[in-house]
Amino acid sequence: MATYLATVQIGRYRTTRLRGAVVPVTLHHPADLAAAAKTDFGQVPEMLALFSDRFGPYPFAAYGVVVTDDELEIPLEAHGLAVFGRNHVDGEHGTDRLIAHELAHQWFGNSVTVTRWQDIWLHEGFACYAEWLWSEHHGGDTADTLAAQYRQGLLDQPEDLVVGDPGAKDMFDDGVYKRGALALHAVRRTFGDDAFTAGLRSITERHRHGSVTVPDVLSAFAGAAGRSVADVRAVTGPWIDEASVPALPAPRVD
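Position numbers for residues count from 1 along each chain, tracking the sequence in the order it is written. Restriction of local features to residues with pLDDT of at least 70 applies here, the model being predicted, together with a cutoff of 80 or more for giving and counting side-chain atom pairs; totals for whole chains, interfaces and linings are based on all residues. Note that water and hydrogens are dropped before the side-chain values are worked out from all heavy atoms of the structure.

Trainee: Please explain the nonpolar core as it appears in this structure.
Mentor: The tendency in soluble globular proteins is for nonpolar side chains to be buried side by side. Phe-41, Phe-51, Phe-55, Phe-126, Trp-132, Phe-221 and Trp-239 are the most contacted members of the largest nonpolar core, which totals 75 residues. Labels follow the DSSP assignment, with helices taken as runs of H or I lasting at least four residues and strands as runs of E lasting at least two, numbered in each case from the N terminus. For this core, the leading source of residues is helix H4 (residues 121-137), giving ten residues. Residues are treated as being in contact if the distance between any of their heavy atoms lies within 4.5 Å. Setting aside residues up to four positions removed in sequence, Phe-41 forms contacts with Leu-18, Leu-27, Val-65, Val-67, Phe-84, Val-89 and Ile-99. We define the nonpolar core as a collection of buried residues of types Ala, Val, Leu, Ile, Met, Phe, Trp, Tyr and Cys that are connected through side-chain atoms lying within 4.5 Å of one another. Relative accessibility thresholds used throughout: buried, under 20% of the residue-type maximum; exposed, over 50%; partly exposed, between the two (1.4 Å probe, protein chains only).

Here is the structure:
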């Protein structure tokens, strides 16, 4: 276990087990949020199935969610667990994006963990992209639509962040999340869905319960696409190693 993923949650919780998942899923929540929590987190089994298909087998024996009785600024991932505040539960699926994001961290961040903090986009960019995968799977906006939307958002902000080494102050800047996800979408568009998914699964298999570097990730995508690492770096580099906002590549036509 990566040490920063340790947590202890103590409170007066009710416990609900969600059925139909590939591993046991346990939901702990305040008693007055029972119905809303069951509604909001009821899609976790379907999310687990989707991400297991795209990323490879779920890497732990079980998954848990704690909804605290406090309000939290953001949810947080822990080892085999995610922690949400009561303000993240509305019974209307208002935080599906965050639920998908924290679940995806079990693969990218918790099982496969960065060797250097400056490569944190390998956690947050991947988890952000999982939000887009869930959206298009579940009938929401496609990854293409979301990529275009968030790219435009970056153009409306100062272009002064280099995601590949953001510094301690900006390590969790929203640009790290969105530019990391856009780098992955650029890989998907350039090399196609099959190579993209094969690359993701290769990363989680090769580096399961271990550390990973950017060259490791580029190598996995290169192998899956039958291309060189330099070819993949040419796609990701403008998003990760430069501050300006590049154009997205045209979708691959097979």
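Trainee: Explain the pairing of strand S1 (residues 14-18) to me, please; I cannot follow it from the model alone.
Mentor: For a regular strand, the rule is simple: side chains alternate between the two faces of the sheet. For two strands to be treated as a pair, DSSP must find no fewer than two bridges joining them. Strand direction decides the pairing type here: S1 and strand S2 (residues 25-29), joined by five bridges, are antiparallel. Bridge pairing links Thr-15 to His-28 in S2. Hairpin geometry of S1 and S2 is characterised by an intervening segment of six residues between the two adjacent antiparallel strands and by a positive phi of about 85 degrees at Gly-20.

Trainee: It is not clear to me how the side chain of Thr-236 should be interpreted in this structure. Could you clarify?
Mentor: Take Thr-236: it is sitting in helix H9 (residues 229-240). Those residues in contact with Thr-236 that sit more than four places away from it in its chain are Ala-183, Val-187 and Leu-218.

Trainee: Please explain H4 as it appears in this structure.
Mentor: For an α-helix, the turn length of 3.6 residues means that residues three or four places apart are oriented alike. Expected helix span is computed as 1.5 Å times (number of residues minus one). Taking 1.5 Å per residue, 17 residues should reach 24 Å; H4 reaches 23 Å between its end C-alpha atoms and fits that length. Burial runs high along H4: 15 of the 17 residues are buried. One or two steps after H4, the chain reaches Gly-139, where phi turns positive at roughly 85 degrees.

Trainee: Got a minute to help me understand the sheet that holds strand S4 (residues 76-78) in this structure?
Mentor: Where strands meet in a sheet, backbone hydrogen bonds hold them as pairs that are either parallel or antiparallel. Strand order across the open sheet formed by five strands is S1-S2-S3-S5-S4, with mixed pairing between neighbours. With one partner strand each, in any of the chains shown, S1 and S4 form the two edges of the open sheet. Neighbour-to-neighbour, the strand axes of the sheet open up by a mean angle of 20 degrees, direction not taken into account. In this sheet, strand S5 (residues 81-84) lies alongside strand S3 (residues 63-67) in parallel orientation, the contact comprising four bridges. Counterpart to Val-66 in the pairing with S5 is Val-83. Every angle, taken between N-to-C directions, lies between 0 and 180 degrees, and every axis is a line fitted to C-alpha atoms, over only the stretch in contact when it is a helix.

Trainee: Help me understand the packing of helix H5 (residues 143-155) against helix H6 (residues 174-191), please; the structure alone is not making it clear to me.
Mentor: One way to put it is that H5 packs onto H6 with a least axis distance of 10 Å and a crossing angle of 135 degrees. Our classification of the angle between H5 and H6 gives oblique. The interaxial crossing formed by H5 with H6 has left-handed handedness. On H6, the residues touching Ala-143, Asp-144, Ala-147, Tyr-150, Arg-151 and Leu-154 of H5 are Gly-175, Lys-178, Arg-179, Leu-182, His-185, Arg-188 and Arg-189. When residues are sorted by character, Ala, Val, Leu, Ile, Met, Phe, Trp, Tyr, Cys and Pro go into the nonpolar class, Asp, Glu, Lys and Arg into the charged class, and all the rest, Gly among them, into the polar class. Here the contact of H5 with H6 is built from residues that sort into five nonpolar, two polar and six charged. Roughly parallel means an angle under 35 degrees; roughly antiparallel means over 145; roughly perpendicular covers 65 to 115; every other angle is labelled oblique. Each crossing gets its hand from how the near helix is turned against the far one by less than a right angle, where anticlockwise is left-handed and clockwise is right-handed.

Trainee: What is the right way to look at the side chain of His-207 in this model?
Mentor: Relative to the assigned elements, His-207 resides in the loop between helix H7 (193-206) and strand S7 (210-212). Leave out the neighbours within four places in its chain, and His-207 touches Ser-111, Val-112, Val-212 and Asp-216.

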